[in-house]
Amino acid sequence: MNGMFVHLPLLIIMIPFAAAFIGPLNGFLFRSWIRRIVLIALSLNLICSILLALQVLSSGPFDYYLSGVAPPLGIALYADYLGACISVLISGIALVAVFYSAGIIPELGERRTFVFYVLLLLAIGAMQGIVFTADIFTLFVLFEIQAISLYGLVAMRGDGKGLLAGYKYLLIGSAGSAMILIGIGFLYISTGTLNMHLMAELLPPVSGSYTVLAGLALLIAGISTKIGLFPLHIWMPEAYAYGPSIFPVISTIALKVGVVAIIRVVYTIFGSSLAIQTIPLESILALLGAVAVIICSILAIRQVDIRKMFAYSSGANIGCIMLGLGIATIPGVEGAILHMITHTTAKAGLFLCADIILIQTGIRYVHEFKGLSKAMPYTMAAFSIAAISMVGLPLTGGFMSKITIASAAIADGITYYAAILLFWTLLSAVYFYRILNNAYFLEGTLSSTIREAPLRILIPIFIISITTILLGFFVEIPMALIRPAAGLLLGGGF
């Protein structure tokens, strides 16, 4: 393998971390540089992620040993189809979000801008590390870097609601971290290694022990707090509602990174056959996912604050992903991974559009959207495209991922899960219809001074809208990585 490509996993992780340290040093001397450094770092990150994805497609997965020392003594990174796919997603959405933030970052004040960008870069670097690490304790450390960064971002504004939301997030996240750490300890006691690959080889003889089962349960419960899986989602509504402008976008990416961690635990460490034979894990994950889909959708319908509505909607979509993983077939896992991509893209578009509307008009409640399409036609058009994808209507990425999971459920003989997904689609249509009906078909009393946002702010939402539509027509592009990822995971992990 070419010497440059073999270092790509490390570069993808280290570029955001390096920028997090370099940025403030230069920023104190040249205040206009901090944003440029962040944009350059994330652009390089995206380029490296795309190059790695192409390399994995052409040559297959590969290990990267830090310091050249192989496990069990050394720490390894593992560049596989799943990691390469999610890495591109992280880099792409983060770059668009930061490009957008250039127009709204003054809301935090000049003194907090440096802290904002540092925390953002640390979170992105940790996310990239989580999707590539093959060491379970390193996974925990990276989870903590990501979590601490996100706690700080939630409380960044410094007002009472933001601080309270950040504190609530901190308490729940800390409980999750404790469960993850104890679970890792149980698996280490049972296998004597922290490398996921070696752990997978050593687990079968002891897979039925209470120590191993407790470790698995603690890991899944702990990571579930990070991804907001119902009923562990209670930190999300306040964090999304009161965090700074692009926090919900970054958090949406973080939720999918947490799902990657669950995939590593269930399919990489335990392996699909071991997890299913030892305990009915597939049934548990699918059931939790189905419950989350219905309950979170009902809670979303009851919301009048659109940010809280989108938070509960994210909880429902995380449930859909877990349902796909719980089907435990190649089509089911394919649909789950695809939905990670389509949901992240559409939800990023929704949050950015909602933020533009809030900045331009002060509107954040559903009933205030009356007549908004006339005052802000471009923003509402992008909002509508993202909403249609979230509902899962044809010609969008959301339709392709939902139909893939539903088809997998039908093929596996569990048609009631396909029926639940159909009912969920109707529930989603209800709460998005309220917004679109107000915006397009009802007359409002909006001020005549309301105008569209500047073009530099609209460009990011146009990019996301186009991507959302393209995912509906050219789904085979991400599926080139998703299909071998699902096959590899169902074949035993590494």
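Model, not experiment: these values are computed from the prediction. (Residues numbered from 1 in each chain as written. Predicted model: local features only at pLDDT ≥ 70, side-chain atom pairs only at ≥ 80, totals over all residues. Heavy atoms only, no water.)

1. Re the overall build of the protein chain
Definition in use: Helix and strand assignments come from DSSP, with helices taken as H or I runs of at least 4 residues and strands as E runs of at least 2, each series counted from the N terminus. The cut-offs for exposure are 20% and 50% of the maximum accessible area for each residue type, with area from a 1.4 Å probe on protein chains only; residues under the lower value are buried, those over the upper are exposed, and the others partly exposed. Here, two residues are considered to be in contact whenever any of their heavy atoms come within 4.5 Å of each other. Surface accessibility follows the Shrake-Rupley procedure with a 1.4 Å probe radius. Residue values consider only the protein chains on display as shielding.
The helix and strand tally for the protein chain stands at 21 helices and two strands. Taken across its 494 residues, the protein chain has 60% of its residues classed as buried. Across the protein chain, contacts joining residues at least 24 apart in sequence account for 79% of those joining residues at least 6 apart. Entry remark: accessible area of the protein chain is about 17900 Å², with carbon and sulfur atoms responsible for 71%.

2. Description of the pairing of strand β2 (residues 76-79)
Operational definition: Strand pairing follows a simple DSSP-based rule, namely that at least 2 bridges must link the two strands.
Side chains of β2 alternate between two faces, with A76 and Y78 and L77 and A79 buried alike. Bridge analysis of strand β1 (residues 62-65) against β2 gives four bridges, and the strand direction is antiparallel. Residue pairing for β2: Y64 is matched across the bridge by L77.

3. Here we look at the confidence of the model for the protein chain
Note the following rule: pLDDT measures the predictor's confidence residue by residue and takes values from 0 up to 100.
On average, residues of the protein chain score 82 in pLDDT, and 90% of them are at 70 or above. Mean pLDDT in the protein chain bottoms out at helix α12 (residues 272-278), which sits at 60, and peaks at helix α4 (residues 81-101), which reaches 89.

4. Digging into helix α11 (residues 247-269)
The following threshold applies: Each helix should span, by expectation, one fewer than its residue count multiplied by 1.5 Å. Throughout, the bend at a residue refers to the angle made by two axes, fitted to the seven residues ending there and to the seven starting there.
With 23 residues, α11 extends 31 Å between its outermost C-alpha atoms, agreeing within 8% with the 33 Å of an ideal straight helix rising 1.5 Å per residue. The sharpest bend along α11 comes to roughly 25°, located at I263. In terms of residue burial, α11 counts as a mostly covered element, since 23 of its 23 residues are buried.

5. Some details on helix α9 (residues 210-227)
In this model, α9 (18 residues) spans 26 Å end to end at C-alpha, consistent with the 26 Å of a helix rising 1.5 Å per residue. Inspection of α9 places V212, G215, L216, L219, I220, G222, I223, S224, T225, K226 and I227 among the buried residues, and these make up the whole buried set. Just downstream of α9, G228 is the residue with a positive phi angle, here 70°.

6. A word on the packing of α4 against helix α15 (residues 330-361)
As a reminder, the rule being used: The convention used is that axes are lines fitted to C-alpha atoms, helices contributing only their stretch in contact, and that angles between N-to-C directions extend from 0 to 180 degrees. Should an angle fall under 35 degrees it is called roughly parallel, over 145 degrees roughly antiparallel, and 65 to 115 degrees roughly perpendicular, with every other angle called oblique.
Relative to each other, α4 and α15 sit at 5°, their axes nearing to 11 Å. When the axes of α4 and α15 are compared, the pair comes out roughly parallel. Facing α4, whose interface residues are L82, C85, I86, L89, I93, V96 and Y100, α15 presents I337, M340, I341, T344, T345, A348, L352, D355, I356 and I359.

7. A short note on the pattern of salt bridges
Spelled out, the test is: When a carboxyl oxygen of Asp or Glu lies within 4 Å of a side-chain nitrogen of Lys or Arg, that pair is called a salt bridge.
Following the criterion strictly, the structure yields five salt bridges and no others. Of the charged contacts, one joins D80 and R264 as a salt bridge, the two residues approaching to 2.8 Å between their closest N and O atoms. Taken together, the residues span a long stretch of sequence, with D80 in the loop between β2 and α4 and R264 in helix α11 at a distance of 184 residues. When sorted by exposure, D80 lands in the same class as R264, which is buried.

8. Focus: the environment of R307
This is how the line gets drawn: Each polar contact in these results corresponds to two N or O atoms within 3.5 Å; when the atoms are within protein, one needs to be able to donate a hydrogen and the other to accept it, and residues that are neighboring in sequence are counted only if both atoms are side-chain atoms.
Here R307 shows up in helix α14 (residues 306-327). In this structure, the C-alpha to C-alpha distance between R307 and P248, residues 59 residues apart in sequence, is 8.6 Å. Dropping the residues within four chain positions of it, R307 is found in contact with Y240, A241, Y242, G243, P244, S245, P248, F351, D355 and R364. Among the polar contacts listed, one links the side chain of R307 to the side chain of D355, at a separation of 3.3 Å.

9. Focus on the environment of T225
Mapped onto the elements of the fold, T225 is located in helix α9. Of the residues examined, T225 reaches a relative accessible area of 4% and is grouped as buried. A sequence separation of 48 residues divides T225 from S177, and the C-alpha atoms of the two residues are 8.6 Å apart. When neighbours within four sequence positions are excluded, T225 is seen to be in contact with I172, G176, M179, L232 and W235. A distance of 2.5 Å separates a polar atom in the side chain of T225 from the backbone oxygen of G222.

10. Some details on the packing of aromatic side chains
Basically, it comes down to this: Between 30 and 60 degrees the pair is tilted, below 30 it is stacked and above 60 it is edge-to-face, where a pair is any two Phe, Tyr or Trp rings, Trp via its six-membered ring, whose centres lie within 6.5 Å. Placement of a charge over a ring requires the Lys NZ or Arg CZ to be within 6 Å of the ring centre, with the centre-to-atom vector within 35 degrees of the ring normal.
Counted under the stated rule, the structure contains 11 aromatic pairs. Ring plane angle 35° and centroid distance 5.9 Å describe the contact between F137 and F140, whose orientation is recorded as tilted. With F137 and F140 both in helix α6 (residues 136-154), this residue pair falls three residues apart, about one helical turn. Of the residues examined, F140 reaches a relative accessible area of 12% and is grouped as buried. Look at Y378 and F462: their rings are 6.5 Å apart centre to centre, the planes differ by 85°, and that puts the pair in the edge-to-face class. Residue Y378 is found in helix α17 (residues 377-391), and its partner F462 is found in helix α20 (residues 455-473); the two are separated by 84 residues along the sequence. A relative accessible area of 52% places Y378 in the exposed class. The structure contains a cluster of three or more aromatic residues connected by ring pairs, namely F310, F351, F369, F383, Y431 and F432. Between the NZ or CZ atom of K402 and the centre of the ring of W424, over which it lies, the distance is 3.8 Å.

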